[in-house]
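# Structural overview for review
So the chains spell out like this:
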Amino acid sequence: MAIPGNLLSAATESMDPSPTAGWRPRQNSTISTGAGGRNGPNCLLMRSSAAGVMSVETISAYPVTAGQVYQVFADAAGADQPERIGLNWLDNSYTNVGSVTWALTTSAASSSWHRIGVAGPAPAGATRVRVVFESTTTATNKINYLENVYLGPPIRTPGNLLPFATESSEVAVGEWTVLANASLSRQVPPFTWSVDNYTAGGHVLAITATAAGNAAVLATGGPRVTPGQEYVAYAYLQPPTVASNCWIELRTFDAAGNQISADRSTLAAPASTGMYRQRASAVALPNAASASVAVGMDGAAAGQVMRVETVVLTAAPPLAPGSVIPYKDASFEQGVGDWTRVSGAATIARSTPWGTAGLEGSYSLAVASASAGTTVIRSGRRPVSAVADENWRASVSASPGAGTFDAVVARARWWDASGVDLGTTGTAQWTIPGPGWWQLQADGAVPAGAVEGAVEVVLPAVTPGATLYLDRAALRHVLPLTELTSHADDGYVTLVFRELAVGQLMSIYRITPDGQRAAVRGPSGLIIEQPVTSTTVTLEDHEAPLGTPVYYRLETRDPSSTVAATRSTGTVEIDLDRQLCWLKDPGNPQRNVKLMVQRAPDWERPIDQAVYRVAGRRNAVILSGVRSGLEGDLAIWTRSDEERAGLHLLFDPGATLLWQAMPGMGVSDMYVQVGQVAEARTGGVAQEPWRVWTLPLVEVDQPVTVGVGTAVSWTWADVVAEFATAADVLPTFATAEDLLLNRR
């Protein structure tokens, strides 16, 4: 992938299809195409013609502006000798201007890809620059490799408030000052970075303890900060080989330059020596005017070296938009923050070592329970600007360690202005199905008077020695994950599921108090293992039973997995006058009609039978088929011409219908086919609108593949945009229903 902003061509950057398109020998070398590149399949192979300095350079010289800082970096490898890279400044006549800006030579040869680089200002008179790459060898036919080369303005971490000379050590170490017991230098160890980590350069800041004890340095010229704003500082740290505590601090200062806070985050380094990103966060105090970053070692031995790379100070990232939980409580990068154990036996601590478990960053909150039992933990209390009955969500992500925690609850707890506990919202219980990170969350209406809130997690340990990791906690005002609305007058439930993952498979079930579940119908039939095409799914369930509390369950899974995530709603109920019933078309709910019952059917259950009377036997031999479902005549009234027209519209397609009545009326919801319909007057004057209908019903199976008729993305706004007047609509659509469904 091309490096953004690179002045080099793609071929010169990646060496594909051949390095000879953009590079040439400069001194004592030949070049050819090497295999095993990182940025494409090829790389540049530089081979020495004799002992001594060998080098290559770009064929082109690229325009530069004097005084502007330019950066070059690349990935290099060489098993026999170290290397360096540089910027060769030229004028318009291609004459050298000043000296080459060279990187320090890599501290050791390495056959693994490692980063080299340097940056510096173009000197006065320079109008062009070439990239040069060299190595000093003791023999002929020695090889070095080059790949993934960038030339251009310095690549910065987006949002970094520190200058480039602090973020990176590619120019110098002048943006740092010693606080205690340290000397500063630059080094180029052969570190391997990911091929697309463009903010990592070749040079690192080396902090050497001048004597045994604590060593520390501070970035100078820190940026201005806004009181009340939360900030995060981070850097890559390489600890010494001998154990010592390495740390990073986010420090703030008042307008007079006096330090007023220091929030430290200590690296829990693994046994291997590498670069580890460590983060610290803090909210700027009311009198804070500026901030900076300090790094150091505690308990260092004389001569120990800690290396630092990519130093960043930035506004804290929103782990969840609108969350009131600060970064230190949400991410656990510098400890447990303000989390406490409310009850139970489990202990809480930051996970260790670095990288053991972490979703956001390199650490998480490790909950460990030596015995079975329930533990409740809670974040610090945070001010909230909430209105009573607003929907707020408490969430945290969990990953299983050892043993089992089951029926975990993430919920919100609230307090009023006097500190009175107003209780909790959110009671959903979560089973963690297996390895990986799983988001646990619960929505609830904020109680009246709430001015503070916290995330609370209930952790029932099933097995002794159980461990669970938590990360990315949040408490925020959001639209509900699920939303139910009962429309009793129209006999249906509106169902909304939000924040779905497009591309997953979903199933949606309606569950009654007896535990029976039935799939809910959508535009493509019953929703069982159907692909998610939108982050929000809105449905109208016209087949929900009347007078019965029901809830809904969403199951989603990745197509490549058999593990399903589940989400359940609250309960909802549809009421209806007991003298009335519904006749519904599952595929065309706009045709549903509510009718008054005159008389429920007297049911029959036909059966096909063959009777054989055997001579000499008293009893006949009877062969029977399977007994059919219910059959009978339903007598109903229509009370207006509108009801009568609606009933005719319902019957016209001859589709399978759903007949529903309230519980206690001696009938159950039933899918039926309606036979020859009889419509009769009730007597009286001719103007009397009431009619009595006899509907021969035959029980049938629920239609599975019938989808709810709909016109996706067809709204009244589209009608107005397409048609100038109502008269223009009439020739296009035969009926109002055709207009509703965009059937032309």
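Reference entry: report on the structure contained in this document. Just so we're clear, the structure is a prediction, and the values are computed from it rather than from any experiment.

The rules behind the values
- Residues numbered from 1 in each chain as written.
- Predicted model: local features only at pLDDT ≥ 70, side-chain atom pairs only at ≥ 80, totals over all residues.
- Heavy atoms only, no water.
- Pairing = 2+ DSSP bridges.
- Helix = DSSP H or I, 4+ residues; strand = E, 2+ residues; numbered from the N terminus.
- Axes fitted to C-alpha atoms, helices over the stretch in contact; angles between N-to-C directions.
- Buried < 20%, exposed > 50% of the residue type's maximum accessible area, 1.4 Å probe, protein only.
- Arc of directions from axis to C-beta.
- Contact = heavy atoms within 4.5 Å.
- Phe/Tyr/Trp six-rings, centres within 6.5 Å; stacked < 30°, edge-to-face > 60°.

Pairing is antiparallel across the open sheet formed by five strands, whose spatial order is E13-E14-E21-E16-E19. Sheet topology places strand E13 (182-187) and strand E19 (276-283) at the edges, where each strand pairs with a single neighbour. Sheet twist, expressed as the average angle between the axes of neighbouring strands with direction ignored, equals 30 degrees. Bridge count for E13 against strand E14 (residues 204-209) is six bridges, and the pairing is antiparallel. For Ser183, the partnering residue across the bridge sits in E14 and is Thr208.

Below, the discussion takes up helix H4 (residues 641-651). Here H4 has its buried residues at Glu643, Gly646, Leu647, Leu650 and Phe651. The buried residues of H4 occupy one face: seen down the axis, they fall within an arc of 135 degrees. On its buried face, H4 sits against strand E44 (580-584), strand E45 (593-599), strand E48 (631-638), strand E49 (657-661), strand E50 (670-674) and strand E52 (691-699).

Turning our eyes to something else, we now look at the packing of aromatic side chains. All chains considered together, the criterion is met by twelve aromatic pairs. With 6.4 Å between their ring centres and 75 degrees between their planes, Phe191 and Trp193 make a pair best called edge-to-face. Owing to a relative accessible area of 13%, Phe191 belongs among the buried residues under this scheme. With a centroid separation of 5.8 Å and an interplanar angle of 90 degrees, the aromatic rings of Trp392 and Trp414 are classed as edge-to-face. Of this pair, Trp392 sits in strand E27 (residues 391-400) while Trp414 sits in strand E28 (residues 408-415), and the two are 22 residues apart along the sequence. According to the relative accessible area criterion, Trp392 is buried, its value standing at 4%. Its relative accessible area of 0% is what places Trp414 among the buried residues. An aromatic cluster is defined as three or more aromatic residues linked by ring pairs; in this entry it consists of Phe73, Tyr150 and Tyr198.

What is shown is where atoms sit, not what they do.
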